[in-house]
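Per-entry structural report
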Amino acid sequence: MPNDSPLKFEAKNLSREYGHGKKLVQAVKNVSFSIPNRDIISIVGQSGCGKTVLAKMLLRLEEPTSGTLLFNGKPITNEADPRDHWRQVQAVFQDPFSAFNQFFTIRAQLKSSFKLFKDRPSDEEMEKRVDDALLAVNIKPREIDGKYPFELSGGQMQRMLLARIFILRPQVLIADEPTSMVDACSRANILDYLLKLKQELDMTIVFVTHDIGLACYISDSIFIMHKGEIVEQGPPDRVTGSPQSEVTQQLLEDIPDVHRDWIKRGAAE
Amino acid sequence: MATPIFEVDNLRAHYLTRFGQKIQAVDGVSFSLKPGEILGIAGESGCGKTTLVSACMGLYIPPLHLSSGDVRIEGKSIIGMDVETNRRDVLGKQIAMIPQGALNSLNPTRKIKDLATDMILSHDEGADKKAVHARLRERFNKLGMPAEEVLNSYPVQLPAGMKQRVVIGISTLLDPRVVIADEPTSALDVSTQKAVIRLLFELMDQGIIGSMLFITHELPLLRHVSNNIAVMYAGEFVEVGNIEQVIFDPRMPYTQALMGSMLSAEAGHRDKKPVSIEGAPPNLAFPIKGCRFAERCPVARPDCKEVKQEIRIVADRQVRCMYAE
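Predicted, not measured: the structure shown is a model, and the values here were computed from it.

Now for the overall build of chain B. Counting its regular elements, chain B contains 11 helices and 12 strands. Taking 325 residues into account, the globule formula puts the C-alpha radius of gyration at 20 Å, and chain B, at 21 Å, falls close to it. Within chain B, counting contacts between residues at least 6 apart in sequence, those at least 24 apart form 64% of the total.

Dropping the structure here:
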């Protein structure tokens, strides 16, 4: 796919508001940023800081109230068919079980993701590409034959969502808290697949999380969000090594790290 | 030495599927808690942590059944009563549970106040509603929550962290001796997680609860919460010891693997690659002859799969591995 712009996304003074008058809530306030091609960007912040709203705007699931958002140098407009956008920008969400239909086999659902394409390949070709995608996330294709979503564990289902991304091969992947339902032992696993997507398929990845530790591990650049604003951005080593903003310092302090004092018994603050 | 409040003695529990298959989800777990003690239980999903919670509370609702063993609170067994008696006399009063999904445990159509009142009235039928409300306000204030505001809210009006704190407040209203916290923070962000842990400590320090069982899959969190840690795998404890021993000097290969999968946010730690544990825990529907971790163990030897593993004492802690040293 020809792509001249070095920037995938570019946002200028982007805002999203809900309600009006006294009940006005500014979920995202005047943020400007750019996301370079083939980078992994992490958006880090507490619950309710607006990170999901921002991710949804990149996905065209939410419309900005004001400001401009450019994708590949062109504004994301609301007139065009949103499916054009979704062919290039795809998402993985927190809960894999709600992303799959309980009443169909996983294989059938993976195959149905080809519906997004304008010209669908032949049936054998589709089967082959589903198999390849499953192998890419280390699952033997025969293992899930005839299985329904509830028969797999959370970690396996999250890998199914990633298999879908290997099938669709979008330019950008928005991963909104993909590891929060997965237990600690398979968390590193999921992150490794994200790195694989970047290295093998040249994907740009926007990783939304509240855990700055995860963000550090995979990203090229971190945005720290607080109350709808981006309060700090930079490469992970600088953000964690010499945090400028109080919010970042607080986030780092709140991580229960094994090597540091975290909480004092009986000391009320 | 203080007498333990909570004793679990060789507890075994199984599920019976409708095809008659028996799944031994908890297999021979023993531990005891002294007043003021917090035991952390770590393990990945599917290792039997949550089944252990039900089993410890004496709540055996089919398909869960008790195989053998005993659970005692202050010397009295809570095993063997029917579900109704257990719910009225044991749960909430002697042992309480803090569930994982605070968002799902509050009724969305009722105010927090009404929900909490119901909970008190169901244990103590003759109580006066006004007195109950006063008691609620007092308790919520004591725990540092804006009582008036919170009690008169519906669950949707509260942020997730506050909801979890409300659930903790309600679960401990009747001053239970033992509290089981089953992943109380896994749905929360790091800052609210800290507030929740602080609240649990507050409850312990004020003497509202006696001792606590804290269950999570986050080892770094356990490091800060508990005195002792038990690592659980496939229904058994595989390593039990204090924090220093289990976190910083693990001997069982499974604990070592768990530690290896941890991520750290400190600068410079970025190149340290976390290693995830390949494969899945064994299917407990089929009896396993040897070590349950042998299939995934990086240092397994040929006879590991053949010999049943017993608890041994290695470097002052219990380990279920015959080659650990």
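Glancing now at the overall build of chain A. A count of helices and strands for chain A gives 10 helices and 10 strands. In terms of C-alpha radius of gyration, chain A reaches 20 Å, essentially the compact-globule figure of 18 Å for 269 residues. Taking the principal axes of the C-alpha coordinates as reference, chain A spans close to 60 × 50 × 35 Å. Counting only residues that meet the buried cut, chain A has 41% of its 269 residues in that class. Partitioning the contacts of chain A with sequence separation of at least 6, the portion at a separation of at least 24 is 69%.

So, about the interface of chain A and chain B. Taken together, the contacts link 34 residues of chain A with 36 residues of chain B. Breaking the side of chain A that touches chain B down by element, the ones donating at least two residues are α7 (184-201), α8 (212-218), α9 (236-241) and α10 (246-254) of chain A. Class assignment for the residues of the side of chain A that touches chain B results in 15 nonpolar, 13 polar and six charged.

Before going further, it helps to spend a moment on unusual backbone geometry. All names here are of chain B. With omega at 10°, the peptide bond leading from P62 into P63 counts as cis. Inspection of the secondary structure puts P63 in the loop between α1 (49-56) and β4 (64-73). Located in the positive-phi region is E74, a residue other than glycine, with phi close to 45°. Residue E74 is classed as partly exposed on the basis of its C-beta count, with 14 C-beta atoms lying within 10 Å. The backbone of A234 shows a phi angle near 50°, a positive value even though the residue is not glycine. Secondary-structure assignment places A234 in the loop between β9 (228-233) and β10 (236-242).

What follows covers the pairing of β4 of chain B. All names here are of chain B. Note: strand β1 (residues 6-16) against β4, eight bridges, orientation antiparallel. By the bridge assignment, V8 is partnered in β4 with V71. In this structure, the hairpin formed by β4 and strand β5 (residues 76-77) is closed by a connection of two residues, where E74 is found at a positive phi of approximately 45°.

Residue and element names in this part refer to chain B. For helix α4 (residues 112-123), which comprises 12 residues, the first-to-last C-alpha distance of 17 Å matches the rise-based estimate of 16 Å (1.5 Å per residue) to within 8%. By the burial criterion, the buried members of α4 are I112, A116, T117 and I120. Take α4 and look down its axis: the buried residues cluster within an arc of 125°, on one side only. Looking at the buried side of α4, the elements it contacts are α5 (129-142), α6 (147-151) and α7 (160-171).

Turning our eyes to something else, we now look at the sheet that holds strand β7 (residues 172-176) of chain A. Residues and elements named next belong to chain A. As summarised here, the arrangement of the six strands in space is β6-β7-β8-β3-β9-β10, forming an open sheet in which the pairing is mixed. Of all strands in the sheet, those bounded by a partner on one side alone are β6 (89-92) and β10 (229-234). If you compare each strand with its neighbour and ignore which way they point, the axes differ by 20° on average. Against the sheet, α10 contacts β3 (40-44), β9 (221-226) and β10, and its axis sits at roughly 100° relative to β9.

So, on to the nonpolar core. The biggest cluster of nonpolar side chains holds 92 residues, and the ones touching the most others in it are I180 and V231 of chain B. In this view, I180 of chain B contacts V53, C56, M57, I95, M97 and L213 of chain B; residues no more than four positions away in its chain are not counted. By size, the runner-up hydrophobic cluster in this structure holds 71 residues, among which are M160, I174, Y193 and I224 of chain A.

All names here are of chain B. Most of strand β7 (residues 178-182) sits inside the fold, with five of its five residues counted as buried. Where burial is concerned, the two faces of β7 agree: the one with V178, I180 and D182 and the one with V179 and A181 are both buried. Where β7 meets strand β8 (residues 211-216), five bridges bridge the pair, whose relative direction is parallel. Bridge assignment links I180 to a residue of β8, and that residue is L213. Considered for its hand, the β-α-β crossover made up of β7, helix α8 (residues 190-205) and β8 is right-handed.

It is worth spelling out the sheet that holds strand β11 (residues 312-314) of chain B at this point. All names here are of chain B. A sheet is described by the order of its strands in space; here eight strands give the open sequence β6-β7-β8-β3-β9-β10-β12-β11, paired in mixed fashion. Both outer strands of the open sheet, β6 (95-98) and β11, are each paired with one neighbouring strand and no more. With direction set aside, neighbouring strand axes in the sheet form an average angle of 25°. Pairing of strand β3 (residues 38-42) with β8 involves five bridges; the strand directions are parallel. In the sheet register, I38 faces β8, and the bridge partner there is M212.

Attention now moves to the environment of L134 of chain A. All names here are of chain A. With respect to the helices and strands, the residue L134 is situated in helix α5 (residues 123-136). With 30 residues separating them along the chain, L134 and R164 place their C-alpha atoms 8.7 Å apart. Filtering out sequence-adjacent residues up to four positions away, L134 remains in contact with I139, P141 and A163.

Scored by pLDDT, chain B has a mean of 86; 96% of the residues are at 70 or more. The complex prediction reports pTM at 0.82, with the ipTM value standing at 0.73.

This part takes up the packing of α5 of chain A against helix α6 (residues 154-168) of chain A. Residues and elements named next belong to chain A. Orientation of α5 relative to α6, taken along the N-to-C sense of each, is 130°, at an axis distance of 8 Å. Here α5 is positioned oblique relative to α6, judged by the angle of their axes. Handedness of the α5/α6 crossing: right-handed. On α6, the residues touching R129, V130, A133, L134 and A136 of α5 are A163, F166 and I167.

Once that is clear, we can look at the packing of α7 of chain B against α8 of chain B. All names here are of chain B. Two numbers describe how α7 lies on α8: the axes approach to 9 Å, and their chain directions differ by 15°. Considering their axes alone, α7 and α8 lie roughly parallel with respect to each other. Pair α7 / α8 crosses with right-handed handedness. Between α7 and α8, the residues in contact are A160, G161, Q164, R165 and I168 and T192, A195, V196, L199 and L200, respectively. Of the residues in the contact of α7 with α8, the class split is six nonpolar, three polar and one charged.

Here is what the cut-offs are and how they apply
- Residues numbered from 1 in each chain as written.
- Chains lettered and ligands numbered in written order.
- Predicted model: local features only at pLDDT ≥ 70, side-chain atom pairs only at ≥ 80, totals over all residues.
- Helix = DSSP H or I, 4+ residues; strand = E, 2+ residues; numbered from the N terminus.
- Rg over C-alpha atoms; globule rule 2.2 N^0.38 Å.
- Contact = placed C-beta atoms within 7 Å.
- Buried ≥ 20, exposed ≤ 12 C-beta atoms within 10 Å, placed from the backbone.
- Nonpolar A, V, L, I, M, F, W, Y, C, P; charged D, E, K, R; others polar.
- Pairing = 2+ DSSP bridges.
- Expected span 1.5 Å × (residues − 1).
- Arc of directions from axis to C-beta.
- Axes fitted to C-alpha atoms, helices over the stretch in contact; angles between N-to-C directions.
- Core = buried A, V, L, I, M, F, W, Y, C linked by C-beta atoms within 7 Å.
- Right-handed = clockwise from strand over helix to strand, strands pointing away.
- pLDDT = per-residue confidence, 0-100.
- Parallel < 35°, antiparallel > 145°, perpendicular 65-115°, else oblique.
- Left-handed = near helix turned anticlockwise from the far one by under 90°.

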